[in-house]
Amino acid sequence: MPKLVIASIGPASSVQDGGRPGSQRYGLTPSGAMDRLPLAAANVLLGNAPLAAAIEIGPFGAAFTARGGPVRLALSGAQRSVDIARRPVAFDSSMTLADGETLTLGFARNGSFSYLALEGGIAGEPTFGSLAVNARAGLGSPYPRPLQAGDELQAAMASGAPERRIELPAIPDAPIRVVPGPQDDEFSEEAKALFLGSDWKISATSDRMGYRLEGPVIKHLHGHNIVSDGMVNGSIQVPGNGQPIVLMPDRPTTGGYPKIATVITADFGRFAQIPAGHIFRFKAISIAEAQEAARAFSELLRTLPDRLRGIENFDPNIEALRDANVAGTAVSAVDVGTWQSSSA
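What you see is a predicted model; the values in this text were computed from it and never measured. Along each chain, residues carry numbers from 1 onward, in the same order as the chain's sequence is written. Note on the predicted model: pLDDT of at least 70 is required for a residue's local features to be given, and 80 or more for side-chain atom pairs to be given and counted; whole-chain, interface and lining totals, by contrast, use all residues. Side-chain figures throughout are based on the complete set of non-hydrogen atoms in the structure, without hydrogens or water.

Colleague: How should the overall build of the protein be read in this particular structure?
Modeller: Along its length, the protein carries six helices and 22 strands. Only the C-alpha atoms count toward the radius of gyration. The rule for a globule is 2.2 Å times the residue count to the power 0.38. For 344 residues, the compact-globule estimate of 2.2 N^0.38 gives 20 Å, and the C-alpha radius of gyration of the protein, at 21 Å, lies within 12% of that figure. Principal-axis analysis of the C-alpha atoms places the extent of the protein at approximately 65 × 65 × 35 Å. Looking at the 344 residues of the protein, the share that counts as buried comes to 49%. In this description, contact between two residues means that some pair of their heavy atoms is separated by no more than 4.5 Å. For the protein, the share of sequence-separated contacts (at least 6 apart) that also reach a separation of at least 24 residues comes to 74%. Accessible surface, the protein as shown: approximately 15900 Å² in total, 55% of it carbon and sulfur. Charge centroids of the protein, computed over 30 positive and 34 negative side chains, lie 2 Å from each other. Working definition: helices are DSSP H or I runs of at least four residues, strands are E runs of at least two. Numbering for both runs from the N terminus. For every residue, the accessible area (1.4 Å probe, protein chains only) is compared with the maximum for its type, and the residue is labelled buried under 20%, exposed over 50%, or partly exposed between those bounds. Each accessible area is a Shrake-Rupley estimate made with a 1.4 Å probe; only the visible protein chains count as cover when residues are assessed. His is not counted, nor are the chain ends; Lys and Arg add positive charge and Asp and Glu add negative charge. The location of each charge is read from NZ of Lys, CZ of Arg, CG of Asp or CD of Glu.

As structure tokens, this is what we get:
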């Protein structure tokens, strides 16, 4: 049987799938993909179940080599350079690695996570119905930890099916939508206005458990301790230092800090893709609006097969040029003048 060997990979990369829904009653965090849309897109390209396990690749580059036979793959998520034996490969598409060939990925651009799916899925022993890795808890399969160079994933022999690409909707450049609460009454109107009206950045100390936010201090009305209660993906806790933390898939199941708001399901993946140091804002919406957005997101996932296209007459070199800096050090007319002056 063929296998996919990891030649190199950065931190924050692991096997993830749709997670462990329903497991919180046992004290288990759900884990799963940071961004479900590209996970589903990569799987759909190969005919897998949309939320089947795939390799979640963090912001740094990676390389994968086929051994023992050809392996068919698909890639989606945060854009990055992609090539097979120095031949450019189109993003959001399937591809086949011949035995001995290496797929090389560059650093992520305009995002943090990309998803590499294997035709036929990833082999492993599920825990509570999932292969999703939670390194802190030692859960996940085939490796219950971040992936590293030398790891091997069993793969199905490439089917030889025609390669395909998928057309995904453009990512909106808009505030991250939140529903206030459930403990927004623990904050003054001024504090809530400050939370919604300020620029925020994600700290470099963030991880799959929580994204620490950098911005103004959000003060509590009655102190920062409450009786612990349940949490969900996107819960925004405000601890004693007044710097919010957004809970991510490897979060605890309960917590004792007031939660000023919750990132809506439809925007959770877009939030997870925000790189550290990038400025963004929040926008409050109603529960009814959040539910409508969730239904639309579910419908998008359901209809992903309708977005599949043939890859004939699709030139990956043209796609690569869209993100390439063909002007060298000059990125604008102003920069050209500055560069010329400094070079004179």
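Colleague: I tried to follow the pairing of strand S15 (residues 210-214) on my own but got confused; where do I start?
Modeller: Each regular strand shows side chains that alternate between the opposite faces of the sheet. Where strand S14 (residues 201-202) lies against S15, two bridges are found, and the strand directions are antiparallel. Looking at the pairing, Ile202 lines up with Leu213 of S15. Strands pair, by our definition, only if DSSP identifies at least two bridges between them. Relative to strand S18 (residues 245-247), S15 is paired through three bridges, and the arrangement is antiparallel. Bridge pairing links Arg212 to Ile245 in S18.

Colleague: Looking at this model, I keep getting lost on the nonpolar core. Mind explaining?
Modeller: Most often, soluble globular proteins have nonpolar side chains that are buried together. What makes a nonpolar core is a set of buried Ala, Val, Leu, Ile, Met, Phe, Trp, Tyr and Cys residues whose side-chain atoms join them at distances within 4.5 Å. Tyr211, Ile236, Val263, Phe271, Phe280 and Phe282 are the most contacted members of the largest nonpolar core, which totals 50 residues. Among the secondary structure elements, those contributing two or more residues to this core are helix H1 (36-46), strand S10 (109-118), strand S13 (176-180), helix H2 (189-197), S15, strand S20 (259-263), helix H3 (265-272) and helix H4 (287-302). Bear in mind that the domain bounds are from an automatic or database domain assignment. Mapping this core onto the domain boundaries places at least three of its residues in each of domain 1 (3-168 + 312-327) and domain 2 (176-300). Here Ile236 is in contact with Val178, Phe195, Pro244, Ile245, Val246, Pro258, Lys259, Ile260, Ala261, Thr262, Val263 and Phe282, once residues within four sequence places are set aside. Grouped together as the second largest cluster of nonpolar side chains are 30 residues, Ala62, Val82, Leu116 and Val133 included.

Colleague: Would you mind going over the packing of H1 against H4 with me for this structure?
Modeller: A packed helix pair is summarised by two numbers, namely the angle formed by the two axes and the spacing between the axes. Two elements in contact, H1 and H4, have axes separated by 10 Å at closest approach and are oriented at 20 degrees. Regarding the angle of H1 to H4, the classification is roughly parallel. Crossing handedness for the pair H1 and H4: right-handed. Residues Arg36, Leu37 and Ala40 of H1 lie in contact with H4, whose contacting residues are Phe297, Leu300 and Leu301. Every angle, taken between N-to-C directions, lies between 0 and 180 degrees, and every axis is a line fitted to C-alpha atoms, over only the stretch in contact when it is a helix. Angles are sorted into four bins: roughly parallel if under 35 degrees, roughly antiparallel if over 145, roughly perpendicular if 65 to 115, and oblique for all others. Two helices crossing with the near one rotated counterclockwise from the far one by less than a right angle form a left-handed crossing, whereas a clockwise rotation gives a right-handed crossing.

Colleague: Help me understand unusual backbone geometry in this model?
Modeller: Residue Pro142 is reached from Ser141 by a cis peptide bond, and omega for that bond is 5 degrees. By the secondary structure assignment, Pro142 is in the loop between S10 and strand S11 (152-154). Residue Gly181 is joined to Pro182 through a cis peptide bond whose omega torsion reads 15 degrees. Unusually for a residue other than glycine, Ala85 sits at a positive phi of about 50 degrees. Examined against the element boundaries, Ala85 turns out to sit in the loop between strand S6 (82-84) and strand S7 (87-88).

Colleague: I'm lost on the packing of aromatic side chains in this one. Help?
Modeller: Classification of ring pairs uses Phe, Tyr and Trp, with its six-membered ring standing for Trp, and accepts pairs whose centres are within 6.5 Å; under 30 degrees between planes counts as stacked, over 60 as edge-to-face, and the remaining range as tilted. One pass over the structure, following the stated rule, counts eight aromatic pairs. Taking the centre distance of 5.4 Å and the plane angle of 35 degrees together, the rings of Tyr26 and Phe128 count as tilted. Linking Tyr26 in the loop between strand S2 (14-16) and H1 with Phe128 in the loop between S10 and S11, this pair joins segments that are 102 residues apart in sequence. Exposure remark for Phe128: the relative accessible area of 49% places this residue in the partly exposed category.

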